[in-house]
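The residues making up each chain are set out below.
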Amino acid sequence: MTTVLQRTAPPTAARTWWAKTVAAARYEYLMQVRRPAVWVVVVGLIALRCASPFPPGFTSTTDNTFLVADWAGNFMLCPIGVGAVLADRAWRESRLGLSDLLTSTPTGIGPRLWGKAIGAGAATITPVAVAWVGLLGYLTAQRGAGVIPVGLAAFAAIILPGLIFISACSVTIPYLTGPVLYRLGLFGYWVWGNMVGPRFGIPTPAGTPFEAIGEYPAGAWFHGTLFDARQRGITPTGGEAVLSIAFLLLMALAALVITQLVLTRRSPS
Amino acid sequence: MNRSTWARLRLELRVIGIAPPVTALAATLGGAILVIVMHATGAGAEHLDLAAGAVLAGFAPLGTAVAASSVVGRDPGAELVMTTTAYRRVLFLRVGLVVAPAALVTLLDAVVFRALNAWPVGQGTGGYVLVWAPPMLWLVALAMLIAIGLRSPAAASGLIGGLWLAQYLMTPAIRDNTVLRAQYMFMGVAAKVPAHEWTVNRIALPAVGVVAVIAAGLLLGRPERFVGSDTA
């Protein structure tokens with residue numbers, strides 16, 4: 001009995017901010033990664049786009065960096081799936097009537113919000129990573145192990161920053177809009193901000209370092225095919241690629257910090 | 001319509017909440033405002049025609065489908081409802097309350113766009129309905145089928161959003177394939193579509209939509225799937 005009553009970990013109130021965040025992130029990760037919708041949507045969208053890889057003929061190239069960059073471009077339908085399945089996390093506790101209970105715990109708003117963003121975000125990105133590893137396995141069988149390091153670098157530089165940006169927005173903005181309106185806004189943003197190039201005559205970040213599809217890192221570091229940037233007559237440099245990634249990560253950070261401040265001010269405790 | 005019917009509709013609207021109807025109307029009204037602003041600021045005729053087609057055949061159906069699918073799984077009293085009436089009837093009524101106003105406003109959009117001479121190339125009077133109604137029925141029906149089949153509005157909105165974007169991105173490949181061309185929702189935007197392709201497409205989209213609605217109705221024959229759990 002004595003053994004049972006002895007705590008192996010300190011009580012929640014005594015833990016550090018980081019330990020509470022890790023605990024929340026772990027729970028959110030496990031909850032989200034077990035949702036069938038996450039896998040069906042994210043893998044489904046990757047398969048839908050990769051069924052007809054674009055641009056035609058890039059798969060026959062002998063340049064591995066160009067190859068993985070253009071495959072990464074074909075993964076750029078999945079961020080809208082990531083955002084769609086993350087959007088309902090913001091109001092989940094409220095919808096289930098758990099808000100008061102959670103507010104009464106010593107965990108606090110900050111660890112819960114950051115835990116949700118890190119855990120649920122990582123869980124929703126997991127199917128993307130699994131699909132990318134599967135693709136690298138296929139390419140390695142075709143072309144040898146030289147594809148692996150460049151493939152991992154392409155994932156980190158081209159795909160991941162956009163996914164982190166969308167994940168942060170998707171667990172914060174729905175606090176303001178609700179998930180339904182957010183999803184429609186996300187689709188509209190993705191089309192306007194990343195797909196509708198300057199030739200349509202509408203002001204857009206597409207083709208600038210402030211787009212989220214990783215065109216600048218792909219063009220600058222991996223010789224990837226350019227679309228919207230080419231319409232602007234731009235060939236991205238390494239500095240512009242760093243700017244593009246930094247912009248997405250800073251916007252993600254800003255979304256979370258602002259949301260934490262707003263939620264803390266609103267909190268009755 | 002008698003008072004009890006109005007009371008029932010008001011009650012169902014309260015259960016649905018404000019978000020789905022607002023989302024459905026936001027897409028079609030927001031698109032109309034965009035076209036009117038483009039017209040007022042002297043945008044070129046080619047861009048105006050394209051924007052009008054994109055709003056009618058693209059954004060209005062997408063917003064309506066996202067909104068309609070969100071109705072699934074919103075009802076905390078679903079089990080109680082099932083004890084008194086067929087849940088299928090209740091859910092379809094709620095979807096109708098989201099779709100009908102959006103369809104009406106999209107029809108008004110079409111009338112305004114035509115009056116502004118912002119009109120998809122090659123479309124006549126039939127375009128008032130045929131440009132937007134078949135893709136709207138198709139997308140709403142598919143969204144409902146996915147949402148009900150997977151018990152997940154999140155999955156439905158993610159998949160139909162991806163399908164919508166994939167149709168936009170993969171237009172050349174879809175237009176080259178006879179089967180996929182019949183399910184191409186942006187046909188009303190594309191210029192100079194051959195008459196037989198247009199006819200097949202406008203029949204095939206609602207036909208698949210009706211099949212999806214029937215399949216969704218059959219899945220709702222086991223409404224207990226919606227009892228006692230969070231959405232997937």
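Refer to the structure above for everything that follows.
Just so it is clear, the structure is predicted and the values come from calculations on it, not from any experiment.

Parameters and conventions
Residues numbered from 1 in each chain as written. Chains lettered and ligands numbered in written order. Predicted model: local features only at pLDDT ≥ 70, side-chain atom pairs only at ≥ 80, totals over all residues. Heavy atoms only, no water. Disulfide = S-S within 2.5 Å. Buried < 20%, exposed > 50% of the residue type's maximum accessible area, 1.4 Å probe, protein only. Axes fitted to C-alpha atoms, helices over the stretch in contact; angles between N-to-C directions. Helix = DSSP H or I, 4+ residues; strand = E, 2+ residues; numbered from the N terminus. Parallel < 35°, antiparallel > 145°, perpendicular 65-115°, else oblique. Left-handed = near helix turned anticlockwise from the far one by under 90°. Contact = heavy atoms within 4.5 Å. Nonpolar A, V, L, I, M, F, W, Y, C, P; charged D, E, K, R; others polar. Phe/Tyr/Trp six-rings, centres within 6.5 Å; stacked < 30°, edge-to-face > 60°. Buried area = accessible area lost by both parts, 1.4 Å probe. Salt bridge = Lys/Arg side-chain N within 4 Å of Asp/Glu carboxyl O. Polar contact = N/O pair within 3.5 Å; in protein donor to acceptor, adjacent residues only side chain to side chain. 1 Å grid on protein atoms, 1.4 Å probe; cavity = no way out; pocket = protein on both sides within 12 Å on 5 of 7 lines; lining within 4 Å. Points joined across faces, edges and corners; volume = space filled by probe spheres on them.

Draft legend 1. Layout of the state of the cysteines. All names here are of chain A. What the rule picks out here adds up to zero disulfides over all chains. The thiol sulfur of C169 is not disulfide-bonded, and the nearest other cysteine sulfur, from C78, lies at 15 Å. Take C169: its relative accessible area is 12%, and that puts it in the buried class.

Draft legend 2. Looking closely at the packing of helix α3 (residues 36-50) of chain A against helix α8 (residues 109-143) of chain A. Residues and elements named next belong to chain A. Relative orientation of the contacting elements α3 and α8 amounts to 40 degrees, with a least axis distance of 9 Å. On the basis of their axis angle, the class for α3 and α8 is oblique. Seen along the crossing, α3 lies across α8 with a hand that is right-handed. Listed contacts from α8 to V38, W39, V42, V43 and I46 of α3 are A123, T124, T126, P127, V128, V130 and A131. Its residues placed into classes, the contact of α3 with α8 shows 10 nonpolar, two polar and no charged.

Draft legend 3. Spotlight on the packing of aromatic side chains. Scanning all chains against the criterion turns up 13 aromatic pairs over all chains. Both rings, one in Y189 of chain A and one in W192 of chain A, keep their centres 6.5 Å apart while their planes meet at 65 degrees; by these two values the pair is edge-to-face. Placement of the pair is Y189 of chain A and W192 of chain A together in helix α11 (residues 179-195), with a separation of three residues, close to one helical turn. Residue classification places W192 of chain A among the partly exposed residues on the basis of a relative accessible area of 39%. Centre to centre, the rings of W119 of chain B and Y128 of chain B are 5.5 Å apart; their planes meet at 50 degrees, and the pair counts as tilted. The exposure class of W119 of chain B is buried, given its relative accessible area of 8%.

Draft legend 4. The environment of L261 of chain A, seen in detail. All names here are of chain A. As for its position among the elements, L261 is in helix α14 (residues 238-266). On the basis of relative accessibility, which here comes to 54%, the residue L261 falls in the exposed class. When the C-alpha atoms of L261 and M76 are compared, they prove to be 31 Å apart, with 185 residues separating the residues in sequence.

Draft legend 5. Representation of the interface of chain B and chain A in the model. Taken together, the contacts link 32 residues of chain B with 29 residues of chain A. Carbon and sulfur atoms make up 77% of the area that chain B and chain A hide from each other, which totals about 2500 Å². Linking chain B with chain A are zero salt bridges, by the criterion used here. Applying the counting criterion to the chain B and chain A interface returns one residue pair in polar contact (both at pLDDT 80 or more). Secondary structure elements with two or more residues in the side of chain B that touches chain A: α2 (19-40), α3 (45-69) and α8 (153-169) of chain B. Element by element, the count of residues in the side of chain B that touches chain A is highest for α8 of chain B, at 14 residues. Along the lines of polarity and charge, the residues of the side of chain B that touches chain A split into 21 nonpolar, nine polar and two charged.

Draft legend 6. How the structure looks around the layout of surface pockets. All names here are of chain A. A volume near 950 Å³ is recorded for the second largest pocket. Forming the boundary of the second largest pocket are 32 residues, of which E93, L102, T103, G108 and R112 lie nearest the centre. Put simply, the parts of the chain that give the lining of the second largest pocket at least two residues each are α2 (17-33), α6 (92-95), α7 (99-103), α8 and α14.

Draft legend 7. How the structure looks around the side chain of T208 of chain A. With respect to the helices, strands and loops of the structure, T208 of chain A is situated in the loop between α11 and α12 (215-222). Apart from the residues lying within four places of it in its own chain, the contact partners of T208 of chain A are Y216 and R232 of chain A.

Draft legend 8. Broad picture of the pattern of salt bridges. If you walk through the whole model with that rule in mind, you get 10 salt bridges over all chains. When the shortest N-O distance is used, the salt bridge between D88 of chain A and R89 of chain A registers 3.2 Å. We note a salt bridge from E197 of chain B to R181 of chain B, for which the minimum N-O separation is 3.8 Å. Here E197 of chain B is found in helix α11 (residues 195-219), whereas its partner R181 of chain B is found in helix α10 (residues 178-182), with 16 residues between them in sequence. Ionic contacts of the salt-bridge type, sharing partners, join the residues R35, D88, R89 and R183 of chain A into one network.

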